[in-house]
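# Observations on chain architecture
Okay, here's what each chain looks like letter by letter:
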Amino acid sequence: MSRLRILNTLERMKLRVKHGVMREDNKVYEILRRNPPPVKPAERELKEIKFPWEDLEEKRAKRMEEEGKVPHVPYDKWAEDPTIEFAQRQYKRMTKLGEEEEEAYKKVEAEYEKERL
């Protein structure tokens, strides 16, 4: 059924209940009254949302993989992935301090080394 047809059916059932032709405890009326008609899906594809630091994160993950330092991150705690935090710090340095990508990478790497000690 189309949405328009469902709405018309619901309106007709409301009128029948109002005028006493139909009882309000009718199951079809209850279902239509409580559950709204389905919404039509989007006609166009939705754009993929991409954060500005995602490219930096991918580069960091690739470097760590090449060095053999891949951190173990549980599937349910993906937000605690250190590569994401690293990329966000690097992006912040690049935008706020105007540093180049490689320079920001080295400085954030140095910060991480200081934190480890």
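Conventions used here
- Residues numbered from 1 in each chain as written.
- Predicted model: local features only at pLDDT ≥ 70, side-chain atom pairs only at ≥ 80, totals over all residues.
- Heavy atoms only, no water.
- Helix = DSSP H or I, 4+ residues; strand = E, 2+ residues; numbered from the N terminus.
- Buried < 20%, exposed > 50% of the residue type's maximum accessible area, 1.4 Å probe, protein only.
- Areas by Shrake-Rupley, 256 points an atom, 1.4 Å probe, with all protein chains shown as cover.
- Axes fitted to C-alpha atoms, helices over the stretch in contact; angles between N-to-C directions.
- Parallel < 35°, antiparallel > 145°, perpendicular 65-115°, else oblique.
- Left-handed = near helix turned anticlockwise from the far one by under 90°.
- Contact = heavy atoms within 4.5 Å.
- Nonpolar A, V, L, I, M, F, W, Y, C, P; charged D, E, K, R; others polar.
- Salt bridge = Lys/Arg side-chain N within 4 Å of Asp/Glu carboxyl O.
- pLDDT = per-residue confidence, 0-100.

## Regarding the overall build of the chain
Within the chain, the secondary structure is distributed over five helices and zero strands. Reading the chain from its N end, one meets helices and strands in the order α-α-α-α-α. Scored against the burial criterion, the 117 residues of the chain give a buried share of 22%. If you sum the accessible surface of the chain, you get close to 10,200 Å²; carbon and sulfur atoms cover 53% of it.

## Focus on the environment of Leu-10
Secondary-structure assignment places Leu-10 in helix H1 (residues 3–18). Remark: the alpha-carbon pair of Leu-10 and Val-28, spanning 18 residues in sequence, is separated by 9.3 Å.

## A short note on the packing of helix H3 (residues 54–67) against helix H5 (residues 101–116)
At a minimum axis separation of 13 Å, H3 and H5 run at an interaxial angle of 60°. The angle between H3 and H5 places the two elements in the oblique class. For the element pair H3 and H5, the recorded crossing hand is right-handed. Counted together, Leu-56, Lys-59, Arg-60 and Arg-63 of H3 and Glu-101, Glu-102, Tyr-105 and Glu-109 of H5 form the full contact between these two elements. A per-class count over the contact of H3 with H5 returns two nonpolar, no polar and six charged.

## Some words on the pattern of salt bridges
Evaluation of the coordinates by the stated rule reveals twelve salt bridges. Glu-85 is the salt-bridge partner of Arg-89, the closest N and O atoms lying 3.1 Å from each other. Residue Arg-89 and its partner Glu-85 are located together in helix H4 (residues 82–96), separated by four residues, close to a single helical turn. Note that Lys-107 is salt-bridged to Glu-99, the shortest N-O span being 3.3 Å. You can call Lys-107 partly exposed: its relative accessible area is 35%. Here the salt bridges do not stand alone but share partners, grouping Glu-85, Arg-89, Arg-93, Glu-99, Glu-103, Lys-107, Glu-111 and Glu-115 into one network.

## Notes on the confidence of the model for the chain
On average, residues of the chain score 80 in pLDDT, and 85% of them reach the 70 mark or higher. Within the chain, no element has a lower average pLDDT than helix H2 (residues 27–34), which sits at 68, and none a higher one than H4, at 90.

## A short note on the side chain of Thr-83
Mapped onto the elements of the fold, Thr-83 is located in helix H4. Once residues within four sequence positions are removed from consideration, Thr-83 is found in contact with Glu-57, Arg-60, Ala-61 and Met-64.

## Quick notes on the side chain of Gln-90
Inspection of the secondary structure assignment puts Gln-90 in helix H4. Taking the relative accessible area as the measure of exposure, Gln-90 reaches 2% and is therefore buried.

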